[in-house]
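# Summary of structural features
Next come the chains, spelled out residue by residue.
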Amino acid sequence: MKKIYIVISLVLIFGALFYFLKNDNSTQVVHGDYKNTTYIIEGEPVSLQNGYAETSPVAGSAIKTITRYFGNEVKHDLNDDGREDVVFLVTQEAGGTGIFVYAVAALNTPDGYVGSHAFFLGDRIAPQSTVIDEGETSRGTTRKNVVVVNYAVRLPNEPFTAEPSLGKSVWLKLDPTTMQFGEVEQNFEGETR
């Protein structure tokens, strides 16, 4: 008789545990893709849905901030865990005439994608390409997991209406712990691992 009570108690305990874990939203992770992930842009979380987000800076305001997936993606294992991560560009419009461009990363984890803090590239720039740069430098040092974003900006003293024509590159490396990009010196003599 004692064994029956133990078996029934165990079944009830495991059943209750299964029910609470299954219905606890704090432990559920959406296994979406990187276009359905939250990123931090200018200190604010922005949750993309199919590469798009529309937020209002002030509740009830008619002004909307629109964030869009731009592209220029590059896939690479940024944190050396054997999974392919992705870096891409997003644009953000906040009701004015400016279109701000950011680089973001999404780490591919066993629980789904984790979005990074955005790295501001510029206002009304012309993105060109995003590539991975690794290997030995001209000074004999090694470079690993460095993302190079190439784009064009307006010449100094030109109006915002001028077409971007001056080529620029920024070299970035993601810190997987803080999920923030750091800018890499292009001709740094030390190792950038």
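Presented here is an overview of the structure given in this document. Being a predicted model, the structure only gives us computed values, none of them experimental.

Each value, and the rule that gives it
Residues numbered from 1 in each chain as written. Predicted model: local features only at pLDDT ≥ 70, side-chain atom pairs only at ≥ 80, totals over all residues. Heavy atoms only, no water. Helix = DSSP H or I, 4+ residues; strand = E, 2+ residues; numbered from the N terminus. Buried < 20%, exposed > 50% of the residue type's maximum accessible area, 1.4 Å probe, protein only. Contact = heavy atoms within 4.5 Å. Core = buried A, V, L, I, M, F, W, Y, C linked by side-chain atoms within 4.5 Å. Pairing = 2+ DSSP bridges. Axes fitted to C-alpha atoms, helices over the stretch in contact; angles between N-to-C directions.

## Considerations on the overall build of the protein chain
- Of regular secondary structure, the protein chain possesses one helix and twelve strands.
- The N-to-C order of helical and strand elements in the protein chain reads α-β-β-β-β-β-β-β-β-β-β-β-β.
- Classification of the 193 residues of the protein chain by burial places 33% in the buried group.
- For the protein chain, long-range pairs separated by at least 24 residues make up 44% of all intrachain contacts whose partners lie at least 6 apart in sequence.

## Some thoughts on the nonpolar core
- Ranked by size, the top nonpolar core spans 20 residues in total, and within it L121 and V149 carry the most contacts.
- If sequence neighbours within four positions are ignored, V149 has contacts with L89, L121, S129, T130, K168, S169, V170 and L172.
- Within the second largest apolar cluster, twelve residues are counted, among which are I41, L48, V86 and V90.

## Focus: the sheet that holds strand β11 (residues 166–175)
- Spatially, β9-β10-β11-β12 is the arrangement adopted by the four strands of the open sheet, whose pairing is antiparallel. In this open sheet, the two strands that pair with only one neighbour each are β9 (126–136) and β12 (180–183). Taking each pair of neighbouring strands and ignoring which way they run, the sheet shows an average axis angle of 35 degrees.

## Some points on unusual backbone geometry
- For N72, which is not glycine, the phi torsion reads 55 degrees and is therefore positive.
- Positive phi, normally seen in glycine, also occurs at N157, with a value near 70 degrees.
- Note that N157 resides in the loop between β10 (142–153) and β11.
- For N157, a relative accessible area of 82% corresponds to the exposed category.

## A look at the pairing of strand β1 (residues 38–41)
- By the alternation rule, side chains of β1 split into Y39 and I41, which are all buried, and T38 and I40, of which none is buried.
- By the bridge criterion, four bridges tie β1 to strand β2 (residues 44–47) in an arrangement that is antiparallel. From the neighbouring strand, T38 faces β2, where its bridge partner is S47.
- Adjacent in sequence and paired antiparallel, β1 and β2 are bridged by two residues, among which E42 carries a positive phi angle near 50 degrees.

Just geometry here; none of it tells us what the structure is for.
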